[in-house]
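Structural overview for review
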Amino acid sequence: MIAFEAVHARRGSRVVLDDVSLRVEPGETLVLVGRSGAGKSTALKLINRMLEPERGRVLVDGRDTRDWDPIALRRSAGYVLQDVGLFPHMTVRRNVGIVPALSGWAQTRTDARADALLALVGLPPADFGDRWPAQLSGGQRQRVGVARALAIDPPRLLMDEPFGALDAVTRGELHREFARIQREVRKTVILVTHDMREAFALGDRVGVIHDGRLVACDAPDVIRASTDPVVRTLLDAALS
Amino acid sequence: MTLIGFWRTHAAEVWQLLGQHVALVLASTLVAIAVGVPVGIIAARRPRLGGPLTAAAGLVQTIPSLALFGFLLPLPFIGGIGARTALVALILYALLPIVRTTIAGLQSIDPSILEAADAMGMTARQRLRHVELPLALPSIIAGVRVSAVVGVGTVTIAAAIGAGGLGEYIYRGLSMVDGTVILAGAIPVAVLAMVVDGALYLLQRNRASQGQSRRAGPVIAAAALLLGAGVAASSLSVGERVVVGSKNFTESVILGELMAQTIERYTDLPVDRRLNLGGTFICEQALRAGDIDLYVEYSGTALTAVFDQPVQRDPSAVLEIVRTRYGDTGRTMLAPLGFNNTFAILVRAADADARGLRTLSQLAAHAPGWRAAFGYEFLERQDGYPGLASLYGLRFADRPRVMDLTLIYRALAAGQVDVIAGDATAGLIEALDLTALEDDRQYFPPYDAVPVVHAATLLRHPVIGAAIGRLAGRVTAADMRRMNYAVDGQRQDPAAVVARFLDTIGGEV
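So, a few notes on the structure that sits alongside this text. (Residues numbered from 1 in each chain as written. Chains lettered and ligands numbered in written order. Predicted model: local features only at pLDDT ≥ 70, side-chain atom pairs only at ≥ 80, totals over all residues.)

1. Things to note about the overall build of chain A
Looking only at helices and strands, chain A has 10 helices and 10 strands in total. A total of 240 residues make up chain A; the buried ones form 45% of that total. Taking the contacts inside chain A whose residues are at least 6 apart along the sequence as the reference set, 68% of them involve residues at least 24 apart. (Helix = DSSP H or I, 4+ residues; strand = E, 2+ residues; numbered from the N terminus. Buried ≥ 20, exposed ≤ 12 C-beta atoms within 10 Å, placed from the backbone. Contact = placed C-beta atoms within 7 Å.)

Spelled out as structure tokens, the structure:
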């Protein structure tokens, strides 16, 4: 369970989140959507305590993030970035297994886990496990990123524009894959995107962020029917 | 002697010098890595600290190495002659490339990779070890490569302060004007530099292309093994030894060898030779600090260059002043060896004969059409060229050129210049058919050769005084010129020349 309570956040002198309150239930997928710079990535970093709120509280499993040990907090969430950030000096298998290895898992268990996850994200481990990140396509890299985020089976998954850099066909394919994986693993997911279609395709609920404020947060159908002028502008621009 | 022949007859020494060379480069590079990589890491994290740090390291690199050795000599603990000072200088030189490439390597890492590392819950230490250092490694190795190759070259210069290494052959060859000996040192140095460069290049390329985190263990183990072998080779001699120094020209080396062999012949004390130690300043510093126990100085040089006294022309007055001054500063001057190596103004014998030129007074008439070259010390010193020019009214065609003492005789013989200042006992005077002009107005002060011994050494080993005392007044200018010529002109080994000389006077003592 993740909750924001009247959260204000700044980056430098700029206010990026202004009085945001929201709640994500276990096993639910919340998609935060908004233009670049609207404050979506900041929301994810607050959950991981890579940033701290200026006012208000961010609660993870009922505890203020500031009471969590940051390392333990981060290890309890998988993180997927738009740039993926695979380690170029490690094989695909080692990339996926890095967090288990750092958490003290035995080598054989780590490798077995990495291979199972590679299979889950549609990359046969016998074929891909020993490759270097430079030998993968963009879509394959993104799949490895998802596998890496799931490595120690964390209860939460934080995804920052995970499919943003991909072409439309690959993106559609990965959306279907994501839905399938989410049915299997049932994580609490917060995904941020600037793509309204992606938000409707993936979210159990969709939150619209504009200029640091959460202007709407509801089921996709409700958002789609919204009469709020800000939401409408975004919708019309995206769906026209 | 051919190059191969030289290496064959000096095989043991070549290996020892090569071992010292490798040990110095390895030790300084390893220390520079141990210091430079952490400094680079800190500097990359804190630019406010890193800026001044790299600026300071850069400043050190702009100091010419010989000058840096000079600065370090008089410092306590880290100074003095020998490998210690050389190591300090080498480490200072090696630091900058390593610090710089560490910073560059760390800062060039894609920020999204670092964000991923943080987001997945790596601690700062884990991120450094598993992500940042492996990714910066090719860059760091590139810096190590630069440091090591520069080190191979700089160690050569460190021979000037008695650090050993293959530079000893280069200095020895320069002072003997013997190309074979220079090459005997220079060629292995060049090969060593290429081998080091090539090996590190392969390592760097291997890292860059694969990115695989192989164990650094074998490489470090091999380096440590080589270092151990080098240290063992260079320090086989432990225990108390009498250290004999000399300056870096033939006569001083011969006199150093003469001191060393005399002590070996007439006492049971083992001797360490630190010959070719640069100029007066370095020998003086070394003797003052007790890094060497004795060397042969010239009375006039001691008076003006060491003790900063005005020039005097009475030989016994000069000896008295110098004896007192040395005594006041913890050194003992022993009895003069017998010859006076004063300056000699030299011209080609052919020129002198053609013009009937015999004295310095006569030179003034010819000087305006001639070019002159002098050693740096002679050109600048109070008792050198300025006084000479005003006494004899000398004005040359151009401002006299500064020329290294090891090259100046050949420059005169080859006609590049027409007048030089040399030593009255220079063997090359005969060898190159030169003529010394008579100092008819008694300008040059006396330069009697005098052994100077660290006083504490003499107290511990009075036999040294007795042994060296046997030479008092026994070395004539003719003896000295003969020995100089044997080494300079006939390419004989200084040790053999000195041994023969001691044999000839030995029976009479």
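2. Thoughts on the overall build of chain B
Looking only at helices and strands, one finds 24 helices and 10 strands in chain B. Burial status across chain B gives 47% buried among its 509 residues. Counted over contacts in chain B with a minimum sequence separation of 6, partners at least 24 positions apart contribute 78%.

3. Topic: the environment of B:Val152
Along the chain, the position of B:Val152 falls in helix α7 (residues 124-158). C-alpha separation for the pair B:Val152 and B:Gly167, spaced 15 residues apart in sequence, amounts to 9.9 Å.

4. Examining the sheet that holds strand β7 (residues 401-402) of chain B
All names here are of chain B. With mixed pairing, 5 strands are arranged side by side in an open sheet as β7-β6-β8-β5-β9. Sheet topology places β7 and β9 (434-437) at the edges, where each strand pairs with a single neighbour. With 4 bridges connecting them, strand β5 (residues 343-348) and strand β8 (residues 419-423) associate as antiparallel partners. Bridging across to β8, Leu 346 finds its partner in Ile 420. (Pairing = 2+ DSSP bridges.)

5. Overview of the sheet that holds strand β2 (residues 14-24) of chain A
Strand pairing within a sheet occurs via backbone hydrogen bonds; the two strands may be parallel or antiparallel. Residue and element names in this part refer to chain A. In space, the 4 strands of this open sheet follow the order β2-β1-β4-β5, with antiparallel pairing throughout. Each end of this open sheet is capped by a strand with a single partner; those strands are β2 and β5 (63-64). Sheet topology places strand β1 (residues 2-11) next to β2; 7 bridges connect them, and they run antiparallel. Within β2, the position partnered with Ala 9 by the bridge is Leu 17. Those strands touched by helix α1 (residues 40-47) are β1, β2 and β4 (55-60), and its axis lies near 115 degrees from that of β1. (Axes fitted to C-alpha atoms, helices over the stretch in contact; angles between N-to-C directions.)

6. Some remarks on the interface of chain A and chain B
The parts lose accessible area when they come together, and the size of an interface is often stated as this lost area. Counting residues at the interface gives 14 residues for chain A and 16 residues for chain B. Breaking the side of chain A that touches chain B down by element, the ones donating at least two residues are α2 (70-75), β6 (77-81) and α3 (92-102) of chain A. In terms of residues, the side of chain A that touches chain B owes the most to one element, α2(A), which gives 3 residues. Per-class residue counts for the side of chain A that touches chain B are 8 nonpolar, 3 polar and 3 charged. (Nonpolar A, V, L, I, M, F, W, Y, C, P; charged D, E, K, R; others polar.)

7. Points about the pairing of strand β7 (residues 156-160) of chain A
All names here are of chain A. Burial analysis of β7 places 5 of its 5 residues in the buried class, the great majority of the element. Going residue by residue along β7, you find Arg 156, Leu 158 and Asp 160 tucked away on one face and Leu 157 and Met 159 tucked away on the opposite face as well. Bridge analysis of β6 against β7 gives 5 bridges, and the strand direction is parallel. What sits directly across from Ala 77, in β7, is Arg 156. Looking at chain direction, β7 and strand β8 (residues 188-193) are connected through 5 bridges and run parallel. Bridged to Leu 158 within β8 is Ile 190. Handedness of the crossover joining β7 and β8 through helix α7 (residues 168-185) is recorded here as right-handed. (Right-handed = clockwise from strand over helix to strand, strands pointing away.)

8. Examining the pairing of strand β2 (residues 271-274) of chain B
Residue and element names in this part refer to chain B. Alignment of strand β1 (residues 242-245) against β2, held across 4 bridges, turns out to be parallel. Bridge assignment links Val 242 to a residue of β2, and that residue is Val 271. Running through helix α11 (residues 250-266), the crossover from β1 to the neighbouring parallel element β2 is right-handed.

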